[in-house]
Amino acid sequence: MADKHEAAQIRAADPAGIAAAADRLRAGGLVALPTETVYGLAARADRAEAVAEIYRAKGRPDFNPLIVHVPSLAAAERLALFDDRARALANAFWPGAVTLVLPLRADAGIAPAVTAGLPTIALRCPVHPVMRAVLEATGLPLAAPSANRSGGVSPTRADHVAASLGAVVPLVLDGGACAAGIESTIVALRDQGRWQILRPGPIAEAQISAILGADPDVVTSAAIEAPGQLASHYAPGKPVRLNAVKATPDEFLIGFAAVPGDISLSPSGDLAEAAAGLYAALHAGAAAGQPRIAVAPIPDEGIGAAINDRLRRAAA
């Protein structure tokens, strides 16, 4: 196996790069590529040995399931059982940054490691043109968690992938910076009309409620049903202090709005801009000379709830 400290091969996401990525994926290999949320580490979801390479490369615990990316609702319905609610959400938000956790079809043909042995599968139809082109070129469902070491800061640029995984991932398609900057909203649909947000993301709870016409289930489960539920996650490798209005001398300050900092998520207080720059700021803090990171207060509303979810897990 390649040493992760060696250099990864970064290629432009042009037709030649997309063709090379598709060839590697069909053969059972790994490819890192951009989505609108973060960079994903993709492998074909129907082959156990290919999925095992994801867990091995990331150092990811095998009880943590993976999201499967598909090009369309029709492709998703071949893998999971959709009811009217699931179709309504897919029609409203796909392609886009919503992942649906649904009952797995008995004939889905998905490697058991993808679902971590659960009777459900997490599905997303991405909007990013590079990921869509690769999905179309392979004709395969692709399992693709974030392209970084497990528990670390998610990558939003190709160089973040290379720094985290090195040559463990042999090919990285460079599609520029990810627009959303945080992982998808994960919605689990339950029996009897119940549903739950398993991970907040770019699509807010209120937007989901508007489609489903009901409030989310407040009952929580100790089981890990989807990515991003571990208490400690997105960690930059240094202590993180939240809700800081000023830094101590040993802290790298990530600012927001009126708190300037060493770097600012958004000087104007724009939460979408803050989400897009969150992981890049945490990467900057990890690389800074100060041994600690402080983060300015972020309003806990709309996409701010997703930002604060990531920050709390980074600080855990």
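Conventions adopted
Residues numbered from 1 in each chain as written. Predicted model: local features only at pLDDT ≥ 70, side-chain atom pairs only at ≥ 80, totals over all residues. Heavy atoms only, no water. Helix = DSSP H or I, 4+ residues; strand = E, 2+ residues; numbered from the N terminus. Rg over C-alpha atoms; globule rule 2.2 N^0.38 Å. Buried < 20%, exposed > 50% of the residue type's maximum accessible area, 1.4 Å probe, protein only. Contact = heavy atoms within 4.5 Å. Core = buried A, V, L, I, M, F, W, Y, C linked by side-chain atoms within 4.5 Å. Phe/Tyr/Trp six-rings, centres within 6.5 Å; stacked < 30°, edge-to-face > 60°. Arc of directions from axis to C-beta. Salt bridge = Lys/Arg side-chain N within 4 Å of Asp/Glu carboxyl O. Pairing = 2+ DSSP bridges. Axes fitted to C-alpha atoms, helices over the stretch in contact; angles between N-to-C directions. Parallel < 35°, antiparallel > 145°, perpendicular 65-115°, else oblique. Left-handed = near helix turned anticlockwise from the far one by under 90°. Nonpolar A, V, L, I, M, F, W, Y, C, P; charged D, E, K, R; others polar.

**Some words on the overall build of the chain**
Turning to step 1, where the next piece is worked out: Along its length, the chain carries 10 helices and 14 strands.
Turning to step 2, where the next piece is worked out: For 316 residues, the compact-globule estimate of 2.2 N^0.38 gives 20 Å, and the C-alpha radius of gyration of the chain, at 19 Å, lies within 12% of that figure.
Turning to step 3, where the next piece is worked out: C-alpha extents for the chain along the principal axes are approximately 60 × 50 × 35 Å.
Turning to step 4, where the next piece is worked out: When each of the 316 residues of the chain is scored for burial, the buried share is 55%.
Turning to step 5, where the next piece is worked out: Long-range pairs, those at least 24 residues apart, make up 68% of the contacts in the chain with a sequence separation of at least 6.

**Here we look at the nonpolar core**
When a protein is soluble and globular, its nonpolar side chains tend to lie buried together.
Turning to step 1, where the next piece is worked out: The biggest cluster of nonpolar side chains holds 51 residues, and the ones touching the most others in it are Phe82, Trp94, Leu100, Val114, Leu123, Val187 and Ile208.
Turning to step 2, where the next piece is worked out: A total of five residues in this core trace back to one element, the largest contributor, which is helix 2 (residues 48–58).
Turning to step 3, where the next piece is worked out: Dropping the residues within four chain positions of it, valine 114 is found in contact with Ala45, Val51, Tyr55, Pro65, Leu66, Val68 and Ala143.
Turning to step 4, where the next piece is worked out: Core analysis: the next-biggest nonpolar cluster, separate from the first, contains 30 residues, Leu253, Ala274, Ala281 and Leu282 among them.

**Comments concerning the packing of aromatic side chains**
Turning to step 1, where the next piece is worked out: All chains considered together, the criterion is met by one aromatic pair.
Turning to step 2, where the next piece is worked out: With centroids separated by 6.2 Å and ring planes inclined at 70°, the aromatic side chains of phenylalanine 82 and tryptophan 94 adopt a geometry described as edge-to-face. Remark: tryptophan 94 occurs in the loop between helix 4 (84–93) and strand 5 (98–103) and phenylalanine 82 occurs in the loop between helix 3 (73–77) and helix 4; sequence separation between them is 12 residues.
Turning to step 3, where the next piece is worked out: A relative accessible area of 10% places phenylalanine 82 in the buried class.
Turning to step 4, where the next piece is worked out: Given the relative accessible area of 10%, tryptophan 94 is considered buried.

**Considering the environment of glycine 193**
Turning to step 1, where the next piece is worked out: With respect to the secondary-structure elements, glycine 193 resides in the loop between strand 9 (185–189) and strand 10 (195–199).
Turning to step 2, where the next piece is worked out: Among the residues examined, glycine 193 registers a relative accessible area of 39% and is labelled partly exposed.
Turning to step 3, where the next piece is worked out: Note: C-alpha distance between glycine 193 and proline 216 (23 residues apart in sequence) is 9.6 Å.

**Some words on helix 8 (residues 205–212)**
Helical geometry note: an α-helix holds 3.6 residues per turn, so side chains three or four residues apart project in the same direction.
Turning to step 1, where the next piece is worked out: Residues of helix 8 that are buried: Ile208, Ser209 and Leu212. On an axial view of helix 8, the arc spanned by its buried residues comes to 100°, and they lie on one face. Along helix 8, the residues that are exposed and aim more than 90 degrees away from the buried face are Ala206 and Ala210.
Turning to step 2, where the next piece is worked out: Buried residues in helix 8 make contact with helix 4, strand 5, strand 9 and strand 10.
Turning to step 3, where the next piece is worked out: One or two positions beyond helix 8, positive phi appears at glycine 213, with a value near 70°.

**Re the pattern of salt bridges**
Turning to step 1, where the next piece is worked out: Under the criterion given, the structure shown has 15 salt bridges.
Turning to step 2, where the next piece is worked out: Across the salt bridge formed by glutamate 251 and arginine 241, the nearest N and O atoms sit 2.7 Å from each other. Of this pair, glutamate 251 sits in strand 12 (residues 251–255) while arginine 241 is found in strand 11 (residues 240–241), placing the two residues 10 residues apart along the sequence.
Turning to step 3, where the next piece is worked out: A relative accessible area of 33% means that arginine 241 is categorised as partly exposed.
Turning to step 4, where the next piece is worked out: A salt bridge links arginine 310 to aspartate 309; its shortest N-O distance comes to 3.0 Å.

**Quick look at the sheet that holds strand 13 (residues 263–264)**
Turning to step 1, where the next piece is worked out: Strand order in the open sheet formed by four strands is 11-14-12-13, and the pairing between neighbours is parallel. The open sheet has two edge strands with one neighbour each: strand 11 and strand 13.
Turning to step 2, where the next piece is worked out: Pairing of strand 11 with strand 14 (residues 292–295) involves two bridges; the strand directions are parallel. Bridging from a neighbouring strand, arginine 241 pairs with alanine 294 of strand 14.
Turning to step 3, where the next piece is worked out: Strands strand 12, strand 13 and strand 14 of the sheet are contacted by helix 9 (residues 271–287), whose axis makes an angle of about 165° with strand 12.

**Here we look at the packing of helix 1 (residues 15–26) against helix 6 (residues 129–138)**
Turning to step 1, where the next piece is worked out: Contact geometry of helix 1 with helix 6 gives a least axis separation of 9 Å together with a crossing angle of 50°. It follows from the interaxial angle that helix 1 and helix 6 lie oblique. Remark: the crossing between helix 1 and helix 6 carries right-handed chirality. Of the residues in helix 6, those touching helix 1 at Ile18, Ala21, Ala22, Leu25 and Arg26 are Ala133, Val134, Ala137 and Thr138.
Turning to step 2, where the next piece is worked out: Of the residues assigned to the contact of helix 1 with helix 6, the class counts are seven nonpolar, one polar and one charged.

**Some remarks on helix 4**
Turning to step 1, where the next piece is worked out: Looking only at helix 4, the buried set comprises Arg85, Ala86, Leu89, Ala90 and Phe93. Take helix 4 and look down its axis: the buried residues cluster within an arc of 135°, on one side only. Seen from the buried face of helix 4, the exposed residues on the opposite side, beyond 90 degrees, are Asp84 and Asn91.
Turning to step 2, where the next piece is worked out: The secondary structure elements touched by the buried residues of helix 4 are helix 3, strand 5, strand 9 and helix 8.

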